[in-house]
Amino acid sequence: MQQMHFVFSSEVELLFDFWRVHSPAGMAVSVLVVLLLAVFYESIKVGKVKLFQWSLRSHPPNHNQPLTECTDQESTSSGSAQANSDRTRLFLSHLGQSLIHVVQVVIGYFVMLAVMSYNTWIFLGVILGSAIGYYLAYPLLSVG
């Protein structure tokens with residue numbers, strides 16, 4: 001049975017069977033990898049917000065026009081091509097945001113499972129990576 005408390009050890013199995021650490025050097029590399037995963041996670045969060053802000057600027061919400069299928073009568077109007085183009089861009093923007101969200105969730109679960117190894121070094125690597133990622137990425141929200 002796996003221990004259910006944090007331990008300082010240079011031996012751990014992380015995420016997958018092939019990621020077994022048996023030395024201090026291996027632990028240092030593993031801590032660096034989870035640190036970079038945590039930085040990447042924070043960067044994805046900022047990237048999602050920036051993409052959403054860009055999406056709102058380039059596609060202002062039009063509350064008067066519902067997002068529904070065009071009828072035959074509407075498709076012959078002159079604004080139909082513009083409406084279809086706007087719908088396509090909105091769909092692609094939403095698809096991009098959804099894909100980024102999936103990547104963020106997967107990375108987040110990897111980081112969580114790494115912490116659940118109950119290795120203190122790995123835990124400290126995640127905490128430091130989150131702090132570094134926040135420090136580096138969040139100032140980008142005010143740019144532009």
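Position numbers for residues start from 1 in each chain and track the written sequence from start to end. Per-residue local features of the predicted model are confined to residues with pLDDT of at least 70, and side-chain atom pairs are confined, for both listing and counting, to 80 or more; whole-chain, interface and lining totals are unaffected and use all residues. Heavy atoms from the whole structure form the basis of all side-chain values; hydrogens and water molecules are not counted.

1. Things to note about the overall build of the protein chain
So, step 1. Helix and strand definitions here come from DSSP, where helices need a minimum of 4 consecutive H or I residues and strands a minimum of 2 consecutive E residues; each element is numbered from the N-terminal end. Counting its secondary structure elements, the protein chain contains 4 helices and 2 strands.
So, step 2. When the helices and strands of the protein chain are listed from N to C terminus, the series reads β-β-α-α-α-α.
So, step 3. A total of about 9,900 Å² of accessible surface is found on the protein chain, and carbon and sulfur atoms cover 68% of it. Shrake-Rupley sampling with a 1.4 Å probe provides the accessible areas, and residues are treated as covered by the protein chains on show and by no other component.

2. Considering the nonpolar core
So, step 1. Only buried Ala, Val, Leu, Ile, Met, Phe, Trp, Tyr and Cys residues count toward a nonpolar core, and they belong to the same one when joined by side-chain atoms within 4.5 Å. Remark: exposure states derive from per-residue accessible area (1.4 Å probe, protein chains only) relative to the maximum for the residue type, with buried under 20%, exposed over 50%, and partly exposed in between. Of all hydrophobic cores here, the largest spans 15 residues; its most connected members are L14, M27, V34 and I122.
So, step 2. Put simply, the parts of the chain that give this core at least two residues each are α1 (24–58), α3 (80–115) and α4 (120–137).

3. Some thoughts on unusual backbone geometry
When glycine is set aside, most residues are seen to have a negative phi, and most peptide bonds are trans.
So, step 1. In the Ramachandran plot, Y118 falls in the positive-phi region, its phi being about 60° despite a non-glycine side chain.
So, step 2. With respect to the helices and strands, the residue Y118 is situated in the loop between α3 and α4.

4. Looking at the UniProt feature "transmembrane region" (unreviewed entry) in the protein chain
So, step 1. Cross-referencing UniProt, the feature "transmembrane region" (unreviewed entry) maps to residues 20–41, 95–115 and 121–141 in the present numbering.
So, step 2. Helix makes up 100% of residues 95–115 and strand makes up 0%, while its end C-alpha atoms are separated by 30 Å.
So, step 3. Along residues 121–141 the backbone is 81% helical and 0% strand, and the end-to-end C-alpha distance reaches 31 Å. UniProt positions are given in the numbering used here, feature names are shortened, and annotations may be inferred rather than shown by experiment.

5. Here we look at the packing of aromatic side chains
So, step 1. Between 30 and 60 degrees the pair is tilted, below 30 it is stacked and above 60 it is edge-to-face, where a pair is any two Phe, Tyr or Trp rings, Trp via its six-membered ring, whose centres lie within 6.5 Å. Throughout the structure, instances matching the rule amount to 6 aromatic pairs.
So, step 2. Seen in terms of ring centroids, F6 and F123 are 5.0 Å apart; in terms of plane orientation they differ by 50°. Their pairing is tilted. With a gap of 117 residues between them, F6 in the segment before β1 (12–13) and F123 in helix α4 connect regions that are remote in the sequence.
So, step 3. Three or more aromatic residues link up through ring pairs in this structure, and these residues are F6, Y118 and F123.

6. Points about the packing of α1 against α4
So, step 1. Remark: α1 packs on α4, axes separated minimally by 7 Å, with the N-to-C direction vectors making an angle of 35°. The two elements α1 and α4 cross, and the hand of that crossing is right-handed. For the pair formed by α1 and α4, the contact residues are M27, S30, V31, V34, L35, A38, V39, E42, S43 and V46 on the first element and W121, I122, G125, V126, L128, G129, S130, I132, G133, Y134 and A137 on the second. Every angle, taken between N-to-C directions, lies between 0 and 180 degrees, and every axis is a line fitted to C-alpha atoms, over only the stretch in contact when it is a helix. Each helix crossing is assigned a hand: it is left-handed if the near helix lies turned anticlockwise from the far helix by less than a right angle, otherwise right-handed if that turn is clockwise. Note on contacts: a residue pair qualifies if any of its non-hydrogen atoms lie within 4.5 Å across the two residues.

7. Brief notes about α3
Think of an α-helix as turning once every 3.6 residues; residues three or four places apart then point the same way.
So, step 1. One fewer than the residue count of a helix, multiplied by 1.5 Å, yields its expected span. Under the 1.5 Å per step criterion, the end-to-end length of α3 is 52 Å for 36 residues, consistent within 8% with the ideal 52 Å.
So, step 2. Buried within α3 are the following residues: S80, A83, R87, S93, Q97, Q104, I107, V111, A114 and V115.

8. Some thoughts on the environment of L56
So, step 1. Inspection of the secondary structure assignment puts L56 in helix α1.
So, step 2. Here the alpha-carbon distance between L56 and L90, two residues 34 residues apart in the chain, equals 9.7 Å.

9. Overview of α1
So, step 1. With 35 residues, α1 should cover 51 Å at 1.5 Å per step; its first-to-last C-alpha distance of 50 Å lies within 8% of that length.
So, step 2. Every buried residue belonging to α1 is among M27, S30, V31, V34, L35, L37, A38, V39, E42, I44, V46 and S55, and all of these are buried.
So, step 3. Buried residues along α1 sit in contact with β1, β2 (20–21), α3 and α4.

10. Side note on the confidence of the model for the protein chain
So, step 1. Note on scores: pLDDT gives the predictor's confidence for each residue, bounded by 0 and 100. On average, residues of the protein chain carry a pLDDT of 82, and 83% of them reach 70 or more.
So, step 2. Per-element averaging of pLDDT across the protein chain places helix α2 (residues 72–75) at the bottom with 51 and α4 at the top with 95.

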